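Take a look at the letters that make up each chain.
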Amino acid sequence: MLAYLVRRVLYAIPILIGVNLLTFVLFFVVNSPDDMARMHIGVKRATPEAIERWKADRGYDKPMFVNADAQGRARFTDTIFFDKSLRMFALEFGRADDGRDIGQEIRDRMGPSLAIALPTFVLSLFASISLALLLVFFRATYLDFWGVVMCVAMMSISSLFYIIGGQWLVSKLWALVPISGYAPGLDAARFLMLPVLISVLAGIGSSVRWYRTIFLEEISKDYVRTARAKGLSELAVLFRHVLRNALIPILTGVVVVIPMLFMGSLLVESFFAIPGLGSYTIDAINAQDFAVVRAMVFIGSVLYIIGLILTDISYTLVDPRVRLE
Amino acid sequence: MSAPMSFQPVLLWTDLLLFVLLGAALLAVLHVRGNEPLRAAWRKVGKRPAGMAAATVLLAFVVVGVLDSLHYRPLLPAVEAVALEAGDTPEAAPVPSAAVYSTEVLSVLDALLEPLRAQTEKTYSAPFAAQLYQREAMELPDGRQVRGYPRLVHGAAHLHDPAGERAGDVAARVASGIGQAVLAWLLFFAVFATLAWHGSSLAWGQVAAAMLAGRTVLAWRAVLVTLAIILLIVGVCLELAPLYHVLGTDKVGQDVLYLSLKSVRTALVIGTITTLVMMPFAVALGIAAGYLGGWVDDAVQYVYTVLNAIPGVLLIAAAVLMMQVVIDTHPQWFDTAAERSDARLLALCFILGITSWTGLARLLRGETLKLRELEYVQAARAFGVRTPAILRRHILPNVMHIVLIALVMDFSGLVLAEAVLSYVGIGVDPTTISFGTMINMARAELAREPMVWWSLAAAFVFMFVLVLAANLFADVVRDAFDPRRS
């Protein structure tokens, strides 16, 4: 097991290098820093001095890969590639355009992001698995049919409408909770209820349908018939046999997103003005703060790889046949 | 010298790709006609009422999208041509009254909807309203200044007393629209019945009766019912839209019905061209990785794990930001604003394609791994058939159902993604009319007092119908083509 984990972590390194190179190419090779400066300052006001100042502020005025002027190790360390790309492996992300330290900002914003993403994750997992089991229990009846119709209809609504509609209905019309905002501590619950509810609703259509398919596939297998034949009740079959055996495909989709919860949800956080990583990313995209976007790309891929490893570990926990070697 | 053409055709990149796609679809139809197993699978689609109804709705959207993809630049009136002579346009012939084409790119849909496009108001107006939604200072005939709701320039302008006459006028026009719709529907019905009757041993009347009763093999009744609903809506709108703003107007006074119809093309382009541009990569790499194995497999898997590792939105954001820099720093590449926003739309398709090909490639790799061990492939190898020929003749046709399923399944997700991305600011160009830009503009309107709901409602209904039809159709196609779901 340990050997397997070490191998997986080692295997993650080339992937992270790939991500890193890709972002570097995207941000510094496709467009030269001069282009970015011109875009950022505005094409009309971009004088050569302004461009130089913009580049110097961000440390983009160094050579790309090899600094011919420097001596010794600085030949390679005093370059854009080393400064902006390789330092990320040490989780040093530099400063955003507003001068704040990106690493500190990310640490501060993880809390609010988790506060909204974790309840959403748990609730929607619970709700969609229960609803899917309900539909499977009543399979081939009108309840099942209309349930699937509802799921397809709910899937066809853009998440934007869930958010806009929910905010309008619950916060404006009924005035039950504040429209947006955030407060630290327990006070946050007031602000978090609506976004969590909306996120759960927005995702429930597709996930119920997905789990229903998994359960139906499982229920047509021989062992289920055997279980019924030995006289188990349908409920016992569903919970003790089908649900347990369906865990592998469910885990494949679920565990990988757990580390990503840190990243928050872009839309919900920005609509509800929650100071998490999602709204941080959106603000950075709108302000074209390339350093922040780069940092988020890197963190996102690290979390994704952690998720993959966790998925493998979770298999061993639910299925004794799976051994990691 | 002949008179200049009254318009100059413009072929945008996305138009070209849409037409390529349509051509490919026609070729595919011809191919399916000559191939019995494929025909059987499509017949399964045709038997399902949900699938046929969804297909009818999608076809209606496609017609709107295709009409909106035939672009041209209208000829400017001669007077303006003289005034513009100083600014030499490359198209201008060396005669004084030379043809000068507008820099505004229009489409056939714009021409058909000319009244809707041109009849803009000052700002918001509610559906069917005769007055503006906002109080303004007005001058009365006797010179006094009052604050009130001014009459609209176009909406209900033909009525003297809107409050009294409107209900009757609308009812009369709705009746006339319904009448036209019924006539059009009867025509369609006659054509369909004749098509179904052609080559059958029954009398025409029997076929027609069977279609209405839903006793045909293909679900013709679902098509007819859906068509009736579409025609009713179209007929009523045709009667009302030139005189009223059926769905109101937005902040700058544009007709919301017009905006919604224009959004359809953007949604279709994103939903189809994205898959079209990513398909060759996904198919080639997926099959190669699965069949060849070894270092090819390792390399392909590495590439798609790297792309997968980056959260989709962030990769798209990074790529779009960079593409924006390229487009903004090279204004000389684009003649018109339409070409520039089209370039951005195409770039978005490519970027979405690059981030989404991994899923299809992985599926194809898995399927190819299974196929290469099957007897017929091994037999082909034993006979000394070369690898490219095996891939083309034995592997590719047997994984095409996965490609087809991916194509239809991805469509609705991409349409939804466009709206979210445009909202975040990394979607289409802000000047491109799309559901995303519509929602983005309409977002603050709900908070307004009094509330403006119609833009959002229109975007919601159009998007919902399009995505729902796409989802239903995708399900039916998947059921018909996925061998595991027989």
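Calculation rules
- Residues numbered from 1 in each chain as written.
- Chains lettered and ligands numbered in written order.
- Predicted model: local features only at pLDDT ≥ 70, side-chain atom pairs only at ≥ 80, totals over all residues.
- Heavy atoms only, no water.
- UniProt positions renumbered as here; feature names shortened; annotations may be inferred.
- Helix = DSSP H or I, 4+ residues; strand = E, 2+ residues; numbered from the N terminus.
- Buried < 20%, exposed > 50% of the residue type's maximum accessible area, 1.4 Å probe, protein only.
- Contact = heavy atoms within 4.5 Å.
- Areas by Shrake-Rupley, 256 points an atom, 1.4 Å probe, with all protein chains shown as cover.
- Rg over C-alpha atoms; globule rule 2.2 N^0.38 Å.
- Lys, Arg positive; Asp, Glu negative; His and termini not counted.
- Charge placed at Lys NZ, Arg CZ, Asp CG, Glu CD.
- Pairing = 2+ DSSP bridges.
- 1 Å grid on protein atoms, 1.4 Å probe; cavity = no way out; pocket = protein on both sides within 12 Å on 5 of 7 lines; lining within 4 Å.
- Points joined across faces, edges and corners; volume = space filled by probe spheres on them.
- Buried area = accessible area lost by both parts, 1.4 Å probe.
- Salt bridge = Lys/Arg side-chain N within 4 Å of Asp/Glu carboxyl O.
- Polar contact = N/O pair within 3.5 Å; in protein donor to acceptor, adjacent residues only side chain to side chain.
- Nonpolar A, V, L, I, M, F, W, Y, C, P; charged D, E, K, R; others polar.
- pLDDT = per-residue confidence, 0-100.
- Patch = residues over 30% accessible without salt bridge, like charges linked within 9 Å, V, L, I, M, F, W, Y side chains within 5 Å.
- Phe/Tyr/Trp six-rings, centres within 6.5 Å; stacked < 30°, edge-to-face > 60°.
- Core = buried A, V, L, I, M, F, W, Y, C linked by side-chain atoms within 4.5 Å.

If you check an unreviewed UniProt entry, chain A appears there as Binding-protein-dependent transporter system inner membrane protein from Thauera linaloolentis. Heading Sequence similarities (unreviewed entry) of the UniProt record for chain A holds this comment: "Belongs to the binding-protein-dependent transport system permease family." For the record of chain A, the UniProt heading Subcellular location (unreviewed entry) holds the text "Cell membrane".

**Quick look at the overall build of chain B**
When you go through chain B residue by residue, the secondary structure sums to 17 helices and five strands. Principal-axis analysis of the C-alpha atoms places the extent of chain B at approximately 100 × 65 × 60 Å. Classification of the 486 residues of chain B by burial places 48% in the buried group. A separation threshold of at least 6 residues defines the contact pool for chain B, and within that pool the share at least 24 residues apart is 73%. Approximately 23500 Å² of chain B is accessible, and the part contributed by carbon and sulfur atoms is 67%.

**Here we look at the overall build of chain A**
The number of helices and strands found in chain A is 15 helices and zero strands. For 325 residues, the compact-globule estimate of 2.2 N^0.38 gives 20 Å, and the C-alpha radius of gyration of chain A, at 25 Å, exceeds that figure by more than 25%. Along the three orthogonal principal directions, the C-alpha set of chain A runs to about 80 × 60 × 35 Å. Taken across its 325 residues, chain A has 48% of its residues classed as buried. Looking at chain A alone, contacts between residues at least 24 apart form 68% of all its contacts between residues at least 6 apart. The average position of the 31 basic charges and that of the 27 acidic charges among the side chains of chain A differ by 7 Å.

**Examining the UniProt feature "domain: ABC transmembrane type-1" (unreviewed entry) in chain A**
The positions that UniProt labels "domain: ABC transmembrane type-1" (unreviewed entry) are, in the present scheme, residues 110-314 of chain A. Annotation note: span residues 110-314 of chain A, helix share 78%, strand share 0%, distance between end C-alpha atoms 24 Å.

**Considerations on the sheet that holds strand β3 (residues 106-107) of chain B**
The three strands are arranged β1-β2-β3 (chain B) in an open sheet whose pairing can be described as antiparallel. Only two strands of the sheet have a single neighbouring strand rather than two, namely β1 (7-10) and β3 of chain B.

**A look at the layout of surface pockets**
Residues and elements named next belong to chain B. The space that makes up the second largest pocket amounts to roughly 790 Å³. Around the second largest pocket sit 35 residues that line it, and Val105, Lys262, Thr431, Thr432 and Ile433 are the ones nearest its centre. Within the residue set of the lining of the second largest pocket, elements represented by two or more residues are α6 (114-118), α10 (256-292), α13 (337-371) and α16 (435-442). Element by element, the count of residues in the lining of the second largest pocket is highest for α13, at six residues.

**Things to note about the UniProt feature "transmembrane region" (unreviewed entry) in chain A**
All names here are of chain A. As recorded in UniProt, the sites labelled "transmembrane region" (unreviewed entry) are residues 9-30, 116-138, 145-169, 189-211, 246-272 and 292-318. As a span, residues 145-169 carries 88% helix and 0% strand, and end to end its C-alpha atoms are 29 Å apart. Each end of residues 292-318 is marked by a C-alpha atom, and these two atoms are 38 Å apart; helix forms 100% of the span and strand 0%.

**Quick look at the interface of chain A and chain B**
Taken together, the contact between chain A and chain B spans 46 residues of the former and 48 residues of the latter. Approximately 4000 Å² of surface area, both sides summed, lies buried where chain A meets chain B, with 79% of it carried by carbon and sulfur atoms. Area buried by chain A at its contact with chain B is led by A:Ser156, A:Phe161 and A:Ile285, which between them contribute 14% of it. Across the chain A-chain B interface, the total number found is one salt bridge. Where B:Asp475 meets A:Arg209, a salt bridge forms, and the shortest distance between an N and an O atom there is 2.7 Å. Linking chain A with chain B are four residue pairs in polar contact (both at pLDDT 80 or more), by the criterion used here. Broken down by secondary-structure element, the contributors of at least two residues to the side of chain A that touches chain B are α1 (2-29), α2 (33-41), α7 (142-155), α8 (159-173), α9 (188-219), α13 (266-271), α14 (277-287) and α15 (290-318) of chain A. Of the residues assigned to the side of chain A that touches chain B, the class counts are 30 nonpolar, 12 polar and four charged.

**A short note on the confidence of the model for chain A**
Of the residues in chain A, 99% reach a pLDDT of 70 or more, and the chain-wide mean stands at 86. Averaged over each element, pLDDT in chain A is lowest for helix α4 (residues 74-77) of chain A (72) and highest for α7(A) (93).

**Considerations on the pairing of β1(B)**
Residues and elements named next belong to chain B. What you see with β1 is a clean split: Gln8 and Val10 sit on the buried side and Phe7 and Pro9 on the side with no burial. Two elements, β1 and strand β2 (residues 71-74), share four bridges in a ladder whose sense is antiparallel. Note that in β2 the partner of Pro9 across the bridge is Tyr72.

**A few points about the environment of B:Val269**
Within the fold, B:Val269 resides in helix α10. Taking the C-alpha atoms as reference points, B:Val269 and B:Asp250, separated by 19 residues in sequence, lie 24 Å from one another.

**Focus: a nonpolar patch on the surface**
Residue and element names in this part refer to chain A. Together, Leu2, Val6, Leu10, Ile13, Ile17, Leu21, Leu86 and Phe89 make up a nonpolar patch on the protein surface, roughly 710 Å² of accessible area in all. Mapping Leu10 onto the fold places it in helix α1. Here Leu10 falls in the exposed class, since its relative accessible area comes to 52%.

**What about the packing of aromatic side chains?**
Scanning the model with the defined rule gives 18 aromatic pairs over all chains in all. Here the aromatic rings of A:Phe89 and A:Phe298 are separated by 5.4 Å at their centres, their planes lie at 90°, and the arrangement is edge-to-face. Placement of A:Phe89 in the loop between α5 (80-85) and α6 (102-137) and of A:Phe298 in helix α15 is noted, with a sequence separation of 209 residues between them. Between B:Tyr133 and B:Trp454 the ring centres are 4.9 Å apart and the planes differ by 85°, which places this aromatic pair in the edge-to-face class. Here the residue B:Tyr133 occupies a position in the loop between α6 and β4 (136-139), and B:Trp454 occupies one in helix α17 (residues 454-481), the gap between them amounting to 321 residues. The exposure class of B:Trp454 is buried, given its relative accessible area of 2%. Ring pairing ties together the aromatic residues A:Phe161, B:Phe460 and B:Phe464, which thus form one cluster.

**Some remarks on the nonpolar core**
Residues A:Ile102, A:Phe215, B:Ile395 and B:Ile439 are the most contacted members of the largest nonpolar core, which totals 206 residues. Tallying contributions element by element places α10(B) first for this core, with 21 residues. Apart from the residues lying within four places of it in its own chain, the contact partners of A:Phe215 are A:Ile129, A:Ala132, A:Leu133, A:Val136, A:Val242, A:Leu243, A:Ala246 and A:Ile250. B:Phe189, B:Phe192, B:Ala219 and B:Val223 belong to the second-largest nonpolar core, a separate cluster that totals 17 residues.

**Details of the pairing of strand β5 (residues 145-148) of chain B**
Residue and element names in this part refer to chain B. In this sheet, β5 lies alongside β4 in antiparallel orientation, the contact comprising four bridges. Its bridge partner lying in β5, Glu136 is registered against Gly148. From the end of β4 to the start of β5, which pair antiparallel, there are five residues, and Gly143 there has a positive phi angle of about 95°.

**Describing the pattern of salt bridges**
All names here are of chain B. Per the stated rule, a full pass over the model turns up 22 salt bridges over all chains. Across the pair Asp110 and Lys262 runs a salt bridge whose closest N-O atoms are separated by 3.1 Å. Here Asp110, found in helix α5 (residues 108-112), pairs with Lys262, found in helix α10; they are 152 residues apart in sequence, far enough to count as distant. Exposure class is identical for Asp110 and Lys262. Each is buried. Residue Glu136 pairs with Lys122 through a salt bridge whose shortest N-O separation is 3.0 Å. In this pair, Glu136 is assigned in strand β4 and Lys122 in the loop between α6 and β4, connecting sequence segments 14 residues apart.

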